[in-house]
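Summary of the model geometry
Residue-level listing of the chains:
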Amino acid sequence: MGKVGFGLAVSCAAATCAIAAILVGKRVRSRRKWRRVVGVLEDLEEACETSVGRLKQVVDAMAVEMHAGLASEGGSKLKMLLTFVDKLPNGFVDDSDYRFSNLEGSERGKYYALDLGGTNFRVLRIQLGGKRSSILSCDVERQPIPQDLMTSTSEDLFDFIALSLKQFVEKEAQNSEFSPVKRRELGFTFSFPVKQMSVSSGILIKWTKGFAIKDMAAKDVSECLQHAFTRNGLDMRVAVLVNDTVGTLALGHYNDPDTVAAVIIGTGTNACYLERTDAIIKCQGLLTTSGGMVVNMEWGNFWSSHLPRTSYDGDLDAESPNPNDQGFEKMISGMYLGDIVRRVILRMSRESDIFGPVSSRLSMRFILSTPSVAEMHGDESPDLTEVARILKEELQIPDVPLKVRKLVVKVCDVVTRRAARLAAAGIVGILKKVGRDGSGGSTSGRGRGIDSKMRRTVVAIDGSLYTRYTMFKEYLHEGLCEILGEEVAQYVILKVTEDGSGIGAALLAASYSSHSASSSSSSSLSLSSSSVDSKRFL
């Protein structure tokens, strides 16, 4: 019996050791898997690094590319498109130094705007009450664009829009006080790349945002809309053709004459700013009454070797409909941030089973939206319940442990912080170009030193990524302050300017109205061998 008991004891000990070995082995494998996942995060952090030194390199690259784009067509990734907007509305003109101003509060009557920039379009009407009374009223209607019209014909699309605008006008006509005494004036916000031919006309360069209407190639956008007005019996004139950034700049300048640039950071991204005509070398001899013009940068296409690009960015770009195009936009705009985060989670799930079996939805492009990333990033609940919900509902990844949820939040943070700080660098690049970054000089045209005392500088900003994503906004401000330094940053104000694409376009329609005496010279810009004095501009 002693031998039997001893044998049993040995067997039990062996079994215990075996079980312990299995458990230890599982722990070791689990730790290895976790280290692999953490390694993915660490590699991401390193690749997305945005030190102040690197951001300043991006600033310099942006300013150089702006200069190159103004020097010649095709000289830069930045198109630096002329808008022919040489005067901006200004509700507070008391200083004669603001030469880039118009609409001094004297316009009266109703002006319209049409905002086409995505899967919805808006029609808008403002009432101006004359000198010093600003905007008396504003009416807006929004309507979705049927999916089939986004790939149909130009006639189908613009007829649909013209009919909707006509119905909007007819509602106004039902008002007994309405008395049509003059042709209606429209500001047309068309947020797609356009080669501007005049302040009210332009040729479509390419469609973006899911539109693909082939017969629009080489057509005048305003002319297409004007023909649709005629076909549908609507007496309305396209007074200005602008994009959403120009409209935002117009509204920003109307509210604050220190506004020198506008930036949109939403689904897509773009920027425009006020430039001196003598700096627009590719169109030397361009006559403007103000000595300057709004330049549409199309900055989504900016690229520099200093941008911190990752393998995820490369894969996203390669699989996109426009590879090697819109590189800056793909790193900072709302359309792409969610998909970058999805790609990182997919890499982690392939490196380890911490998410369970690899969800098929992780391989679906754009299945994770940027608003969902913002929700996960902002989840302050102890158990990160919002993160768990989004992973389960959108990516079909249930029962994710808390430490893994925290990892997902960190991924959101790294991707968003990079985007926001790069956007900040882009803004400072514009300020550097116009001599408002405190560096002691300007790269616009004939160089001149800035005032010894920094001038107040306002950048109008809009777009859901900035206005609705709290952490993005905070990181952008952090980056701006770090690049400029606190002493200079206090003079730079980012002012939220909502609905510039609507109200701003309507204000420009009033500025360039055929009923406005001041519009006649501004709307007929021409090329000439002579140039205007622009020393006081900007």
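Coordinates for the structure precede this section.
In this text the structure is predicted, and so the values were computed from the model without any measurement. (Residues numbered from 1 in each chain as written. Predicted model: local features only at pLDDT ≥ 70, side-chain atom pairs only at ≥ 80, totals over all residues. Heavy atoms only, no water.)

Another aspect to go through is the overall build of the protein chain. The number of helices and strands found in the protein chain is 16 helices and 15 strands. Relative to its 538 residues, the protein chain shows a buried fraction of 53%. A separation threshold of at least 6 residues defines the contact pool for the protein chain, and within that pool the share at least 24 residues apart is 71%. Surface accessibility of the protein chain: about 23000 Å² in total, with carbon and sulfur atoms responsible for 51%. (Helix = DSSP H or I, 4+ residues; strand = E, 2+ residues; numbered from the N terminus. Buried < 20%, exposed > 50% of the residue type's maximum accessible area, 1.4 Å probe, protein only. Contact = heavy atoms within 4.5 Å. Areas by Shrake-Rupley, 256 points an atom, 1.4 Å probe, with all protein chains shown as cover.)

With that settled, the discussion passes to the sheet that holds strand E14 (residues 457-462). For sheets, the rule is that strands pair by backbone hydrogen bonds, running either parallel or antiparallel. Reading across from one edge, E1-E13-E12-E11-E14-E15 is the order of the 6 strands in this open sheet, with mixed pairing throughout. The open sheet terminates on both sides in strands that have one partner only, identified here as strand E1 (81-82) and strand E15 (492-496). With 5 bridges joining them, E14 and E15 adopt parallel strand pairing. When the sheet's bridge partners are listed, Val459 is paired in E15 with Leu494. Sitting on the sheet, helix H13 (residues 470-484) is in contact with strand E11 (259-265) and E15, with an inclination near 160° to E15. (Pairing = 2+ DSSP bridges. Axes fitted to C-alpha atoms, helices over the stretch in contact; angles between N-to-C directions.)

For side chains of opposite charge, pairing can occur when their charged atoms come near one another. Inspection of the entire model under this criterion finds 31 salt bridges. Lys282 is the salt-bridge partner of Glu73, the closest N and O atoms lying 3.7 Å from each other. Of this pair, Glu73 sits in the loop between helix H2 (52-71) and E1 while Lys282 sits in the loop between strand E12 (269-276) and strand E13 (292-296), and the two are 209 residues apart along the sequence. For Glu73, a relative accessible area of 52% gives the class exposed. Residues Asp159 and Arg231 are paired through a salt bridge, measuring 2.9 Å at the closest nitrogen-oxygen approach. Pair noted here: Asp159 is in helix H3 (residues 154-173) and Arg231 is in helix H4 (residues 221-231), with a separation of 72 residues, a long-range link. Its relative accessible area of 43% is what places Arg231 among the partly exposed residues. Salt bridges linked by common partners bring Glu319, Asp339, Arg342, Arg343 and Arg365 together as one network. (Salt bridge = Lys/Arg side-chain N within 4 Å of Asp/Glu carboxyl O.)

Our focus in this paragraph is the side chain of Ser349. Tracing the sequence through the fold places Ser349 in helix H8 (residues 334-351). Separated by 2.8 Å, the side chain of Ser349 and the backbone oxygen of Leu346 make a polar contact. With residues up to four places along the chain from it excluded, the contact list for Ser349 reads Phe355, Val358 and Leu362. (Polar contact = N/O pair within 3.5 Å; in protein donor to acceptor, adjacent residues only side chain to side chain.)

Let us now look at the packing of aromatic side chains. One pass over the full model with this rule turns up 11 aromatic pairs. Centroid distance Trp207 to Phe211: 5.2 Å. Interplanar angle 20°. Geometry classified as stacked. The two residues Trp207 and Phe211 agree in class, both being buried. Among the aromatic side chains, those forming a connected cluster through ring pairs are Phe188, Phe190, Phe192, Trp207 and Phe211. (Phe/Tyr/Trp six-rings, centres within 6.5 Å; stacked < 30°, edge-to-face > 60°.)

What follows concerns the nonpolar core. Membership of the largest hydrophobic core comes to 120 residues, with the highest contact counts inside it found for Tyr273, Met297, Trp299 and Leu476. It is helix H11 (residues 402-433) that contributes the most residues to this core, 18 residues altogether. Setting aside its immediate chain neighbours within four residues, Met297 contacts Met62, Met66, Leu78, Lys79, Met80, Asn270, Ala271, Cys272, Tyr273 and Ile430. By size, the runner-up hydrophobic cluster in this structure holds 34 residues, among which are Leu114, Leu116, Phe158 and Leu204. (Core = buried A, V, L, I, M, F, W, Y, C linked by side-chain atoms within 4.5 Å.)

Of the pairings in the sheet, the one linking strand E8 (residues 194-198) to strand E9 (residues 201-204) comprises 4 bridges and is antiparallel in character. Looking at E9, one finds that Lys195 is bridged to Ile203.

This part takes up a positive patch on the surface. Together, Arg31, Arg32, Arg35 and Arg36 make up a positively charged patch on the protein surface. Counting through the fold element by element, Arg36 comes out in helix H1 (residues 2-47). Arg36 gets classed as partly exposed once you look at its relative accessible area, which sits at 37%. (Patch = residues over 30% accessible without salt bridge, like charges linked within 9 Å, V, L, I, M, F, W, Y side chains within 5 Å. Lys, Arg positive; Asp, Glu negative; His and termini not counted. Charge placed at Lys NZ, Arg CZ, Asp CG, Glu CD.)

For the pair helix H5 (residues 244-255) and helix H15 (residues 500-511), the least separation of the axes is 7 Å and the interaxial angle reads 70°. On the basis of the axis angle, H5 is roughly perpendicular to H15. Together, Asp244, Val246, Gly247, Thr248, Ala250, Leu251 and Tyr254 of H5 and Gly500, Ser501, Ile503, Gly504, Ala505, Leu507 and Leu508 of H15 make up the contact between the two elements. Its residues assigned to classes, the contact of H5 with H15 comprises 8 nonpolar, 5 polar and 1 charged. (Parallel < 35°, antiparallel > 145°, perpendicular 65-115°, else oblique. Nonpolar A, V, L, I, M, F, W, Y, C, P; charged D, E, K, R; others polar.)

Judged by pairing direction, the sheet is mixed, and its 5 strands sit side by side in the order E6-E5-E4-E7-E10 without closing on themselves. Because the sheet does not close on itself, it has two edges, and the strands there are strand E6 (135-144) and strand E10 (236-242). Along the sheet, successive strands turn relative to each other by an average axial angle of 20°, direction set aside. Sheet topology places strand E4 (residues 108-116) next to strand E5 (residues 120-129); 9 bridges connect them, and they run antiparallel. The partner of Asp115 across the bridge, within E5, is Arg122. Lying over the sheet, H4 contacts E4, strand E7 (184-190) and E10, oriented at roughly 160° with respect to E10.

So, on to the pairing of E7. Sheet faces and side chains relate simply in a regular strand, where the side chains alternate between the two faces. For E7, a buried count of 7 out of 7 residues is recorded, marking the element as mostly surrounded by other parts of the structure. Burial of the side chains of E7 extends over both faces: Arg184, Leu186, Phe188 and Phe190 are buried on one face and Glu185, Gly187 and Thr189 on the other. Sheet topology note: the E4/E7 ladder contains 5 bridges and is parallel. If you follow Tyr112 over to E7, its bridge partner there is Leu186.

One way to put it is that helix H9 (residues 370-377) packs onto helix H10 (residues 385-395) with a least axis distance of 8 Å and a crossing angle of 150°. Relative to H10, the element H9 is oriented roughly antiparallel. Classified by chirality, the crossing of H10 by H9 is left-handed. Within the contact between the two elements, H9 uses Ser372, Glu375 and Met376 and H10 uses Glu386, Val387, Arg389, Ile390 and Glu394. Partitioned by chemical class, the residues of the contact of H9 with H10 number 3 nonpolar, 1 polar and 4 charged. (Left-handed = near helix turned anticlockwise from the far one by under 90°.)

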